[in-house]
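# Reading the structure
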Amino acid sequence: MPAESNLLSDIWPLAPSSATDWLLELCGDGLTGFMPPAMPDAAWVLNAMYEHEDGPSDVSHHEYRQARLADGSTPRDIVAGIDLDTVGVASGGGLGRAEHPGPGWRRLRWAELARRTGDPIVPDGLLPRFRCFPSATKNGSWPLGIVPPTEGSLDRETWLRLIDILTAHSPAGPDTRCLIYYNPLTLGAVDFDNLHVRAGRLGDAEILYDMPEADLADFSPANLWAEDRSWVLCTDYDLWATKVAGPPALIEALLNDTGVEAVRLPWAT
């Protein structure tokens, strides 16, 4: 077993599936993540999106891909005999972990894009997901100069900053005992009965983003919560954001922090 795997087992050992029983009772099914109510307050931390310094292109991700398929410079995406390039749209978005694309790109705040397009940050009654910002897309595909948020996982920069904020608002700081849960969809949807739970210290949460295990390499945890249940976060498999439920001081810190972008959704507290 690789040294990194031993490191994960040493620092974040497996915990009983029963550790999620209280979340099951509080939230219902955790197939895509246990989504908590306000405890007593809540906010949504939005996944990062990025824009190229040259700005959005008139060409969409889908149009670009179709052009590459036409000239033979990229293979078709065929899964189980189905040509996904024929039945789907290349939106430009992805599933799982993400990080800053590199030189030439800058973070594009949801609030900035909302001002530019006239779309709300999140439409009334909806959750942060692919239906946001319809005015920014062309037939469901984003401009080539924008990398939209990914689904199902926090991006690296948001994960790291969120851990810092949680640490600052936990009495034990980095020594706060925590648990994490990976939903079955992030683990290949092969086991729905034995829930994957691990226990560790909040101060060791940053390393979870770089664990090399094949079954953990693509997503941040679906849920992270303090052992004393003072706060809990949920990154739903189908969403572009993470809900954080906890005390008002923590929620206000998220809303006022410049390192993350967080919003209140009155219909989803």
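Refer to the structure above for everything that follows.
As the structure is a computational prediction, the values presented were derived from the model and not from experiment. (Residues numbered from 1 in each chain as written. Predicted model: local features only at pLDDT ≥ 70, side-chain atom pairs only at ≥ 80, totals over all residues. Heavy atoms only, no water.)

## Digging into the pattern of salt bridges
Applying the stated criterion to the full structure yields 13 salt bridges. Between Arg 264 and Asp 41 there is a salt bridge, with the nearest N and O atoms lying 2.7 Å from each other. Taken together, the residues span a long stretch of sequence, with Arg 264 in the segment after strand E13 (262–263) and Asp 41 in strand E2 (residues 41–46) at a distance of 223 residues. Here Arg 264 falls in the partly exposed class, since its relative accessible area comes to 36%. Given the relative accessible area of 15%, Asp 41 is considered buried. The network of salt bridges with shared partners includes Glu 51, Arg 106, Glu 112 and Arg 116. (Salt bridge = Lys/Arg side-chain N within 4 Å of Asp/Glu carboxyl O. Helix = DSSP H or I, 4+ residues; strand = E, 2+ residues; numbered from the N terminus. Buried < 20%, exposed > 50% of the residue type's maximum accessible area, 1.4 Å probe, protein only.)

## Notes on the side chain of Ser 170
Take Ser 170: it is sitting in the loop between helix H6 (156–168) and strand E8 (177–182). The buried category is assigned to Ser 170, whose relative accessible area is 6%. Polar side-chain contacts of Ser 170 include one of 2.7 Å to the backbone oxygen of Leu 166. Dropping the residues within four chain positions of it, Ser 170 is found in contact with Thr 176, Leu 202 and Trp 231. (Polar contact = N/O pair within 3.5 Å; in protein donor to acceptor, adjacent residues only side chain to side chain. Contact = heavy atoms within 4.5 Å.)

## Here's the deal with the sheet that holds E8
Ordered in space as E1-E9-E8-E10-E11-E12-E2-E13, the eight strands form an open sheet in which the pairing is antiparallel. Of all strands in the sheet, those with a lone pairing partner are strand E1 (14–15) and E13, marking the two edges. Contacting E2, strand E10 (223–226), strand E11 (232–235) and strand E12 (241–246), H6 runs over the sheet at an angle of about 15° to E10. (Pairing = 2+ DSSP bridges. Axes fitted to C-alpha atoms, helices over the stretch in contact; angles between N-to-C directions.)

## Some thoughts on the pairing of E2
Within E2, six of the six residues are buried, which leaves it mostly tucked inside the rest of the structure. Neither face of E2 is left uncovered, since the one carrying Asp 41, Ala 43 and Val 45 and the one carrying Ala 42, Trp 44 and Leu 46 both have all their residues buried. Here E2 pairs with E12 via six bridges, running antiparallel. Following the sheet pairing, Leu 46 is matched in E12 by Ala 241. One ladder, built from two bridges, connects E2 with E13; its direction is antiparallel. Across the sheet, Val 45 pairs through a bridge with Ala 262, a residue of E13.

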